[in-house]
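# A look at the structure
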Amino acid sequence: MKYGLLSDIHANLEALNAVLEKFKEEQVEKNICIGDIVGYGANPNECVELIRNNDFECVAGNHDWAVIGKQDIEYFNKTAKESVIWTADALTGNNREYLEQFELTKEFPEFVIVHATILEPDKWKYIRTTLDAHRSFEKITKPVCFFSHSHVPIVFKERERPEFSFDMSINIEENTKYLINVGSVGQPRDKNPDACYSIYDTEEKRVEIKRVAYDIKTAQNKIIEADLPRSFAYRLETGE
Ligand SMILES: [Fe+2]
């Protein structure tokens, strides 16, 4: 099976379209979304509809929950709060209902997906260090856990002390567990502004983390025209 995995679209329609084009080229058989379809960007409805119409299997991100009132927004910073309020107001009833169906984790034969951590998926903590990874590995029963949330693609491999790498091509070895952050489609934060996505070919036993350039200017202009905080537009250019 060839899975296409993506996350953290953040209402960036131009980035999502570029990734969906790649999924087609790669002949992806199953589409997976690991949360945060909305928030920050100017096209929440269009992005939710594309995910729904392309039969994605999804889990919720913190922004998806915040905009439908399932998550308190007190812990968001000032501008993120503004975007939650703007998005909640912009979302159609149908799209809100669609987001309400999402669970926090989802299992597939070869892997599990979660936006933040498998330990406490509703606490929205980050997996950034080998210690964070170690704690998660103890709880993961599948060979691979795909996650996101930090918008930084990274791979942890289970060892007594987990190893990490920024490899973009990962061969999945037998009897080894992996935690793989699939990066962000619509708001990368690893200083690479290109949209990020992953392909998992379970026959080849290989995960590839890939990038595609998209029309950043248009996404930025829409954010500015929507009167959303301008920092959301500027950061797209530098991938921060
Ligand atoms: Fe996010």
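Data block above holds the structure.
Residues numbered from 1 in each chain as written. Predicted model: local features only at pLDDT ≥ 70, side-chain atom pairs only at ≥ 80, totals over all residues. Heavy atoms only, no water.

### Notes on a nonpolar patch on the surface
Rule in force here: To count toward a patch, a residue needs a relative accessible area over 30% and no salt bridge; like charges are then connected within 9 Å, while nonpolar side chains (Val, Leu, Ile, Met, Phe, Trp, Tyr) are connected within 5 Å. Using the Shrake-Rupley algorithm and a 1.4 Å probe, accessible areas are obtained, with residue cover drawn only from the displayed protein chains. In the sections that follow, a salt bridge refers to a side-chain nitrogen of Lys or Arg positioned within 4 Å of a carboxyl oxygen of Asp or Glu. The helix and strand labels rest on DSSP assignments: H or I over at least four residues marks a helix, E over at least two residues marks a strand, and numbering proceeds from the N terminus.
A cluster of nonpolar side chains, contributed by Phe164, Phe166 and Met168, occupies part of the molecular surface with about 310 Å² of accessible area. Take Phe164: it is sitting in strand β8 (residues 163-165).

### Structural notes on the side chain of Thr87
As a reminder of what qualifies: Between buried and exposed lies partly exposed: a residue is buried under 20% and exposed over 50% of the maximum accessible area for its type, with that area taken using a 1.4 Å probe on protein chains only. Counted as a polar contact is a pair of N or O atoms within 3.5 Å, where, for protein atoms, one must be capable of donating a hydrogen and the other of accepting one, and residues adjacent in sequence contribute only when both atoms are in side chains. Any two residues whose heavy atoms approach within 4.5 Å at even a single point are treated as in contact.
With respect to the helices, strands and loops of the structure, Thr87 is situated in helix α4 (residues 78-90). Its relative accessible area of 0% is what places Thr87 among the buried residues. Among the polar contacts listed, one links the side chain of Thr87 to the backbone oxygen of Ser83, at a separation of 2.7 Å. Those residues in contact with Thr87 that sit more than four places away from it in its chain are Val38, Gly39, Pro44 and Val67.

### Some thoughts on the coordination of the iron ion
Going by this rule: Only nitrogen, oxygen and sulfur atoms qualify as donors, provided they sit within 2.8 Å of the metal or within 3.2 Å for Na, K and Ca; with water excluded from the atoms, sites may seem incomplete. Any coordination sphere not matching a tetrahedral pattern (four donors, all angles between 85 and 135 degrees) or a square planar or octahedral pattern (four or six donors, opposite donors over 155 degrees apart, other angles between 65 and 115) is reported as irregular.
Protein coordination of the iron ion is provided by Asp8 (OD), His10 (NE2), Asp36 (OD) and His151 (NE2), with donor distances spanning 2.0 to 2.3 Å. Classification of the site at the iron ion rests on its 4 donor atoms, whose angles at the metal span 80 to 173°, yielding the label irregular. On the primary sequence, the residues serving as donors to the iron ion are separated as D-x1-H-x25-D-x114-H. Here Asp36 is found in the loop between β2 (30-33) and α2 (44-53), whereas its partner His151 is found in the loop between β6 (144-147) and β7 (154-157), with 115 residues between them in sequence. Exposure remark for Asp36: the relative accessible area of 2% places this residue in the buried category. Under the relative-accessibility criterion, His151 is labelled buried at 2%.

### Description of the sheet that holds strand β10 (residues 178-181)
The test is simple: Only when DSSP finds a minimum of two bridges between them are two strands counted as paired. Structural elements are reduced to axes, namely lines fitted to C-alpha atoms, with helices fitted over the stretch in contact, and the angle between N-to-C directions of any two is expressed from 0 to 180 degrees.
The strand order across the open sheet formed by 6 strands is β4-β5-β6-β10-β7-β8, and the pairing between neighbours is mixed. The open sheet is flanked by β4 (105-107) and β8, the only strands paired with a single partner. When strand polarity is set aside, the average angle formed by the axes of neighbouring strands in this sheet is 15°. By the bridge criterion, 3 bridges tie β7 to β8 in an arrangement that is antiparallel. Bridge pairing in β8 links Phe156 to Phe164.

### Topic: helix α6 (residues 130-139)
Going by this rule: This arc describes the spread of directions from the helix axis toward the C-beta atoms.
Taken residue by residue, α6 has Thr130, Asp132, Ala133, Ser136 and Phe137 as its buried positions. Each buried residue of α6 sits inside an arc of 150° when the element is viewed along its axis, so together they form one side. Where α6 is buried, its residues meet β7, β8 and β10.

### Examining the environment of Ile73
Checked against the element boundaries, Ile73 lands in the loop between α3 (62-67) and α4. Here the alpha-carbon distance between Ile73 and Asn62, two residues 11 residues apart in the chain, equals 9.3 Å. With residues near it in sequence (within four places) discarded, Ile73 still touches Ala66, Lys81, Val84 and Ile85.

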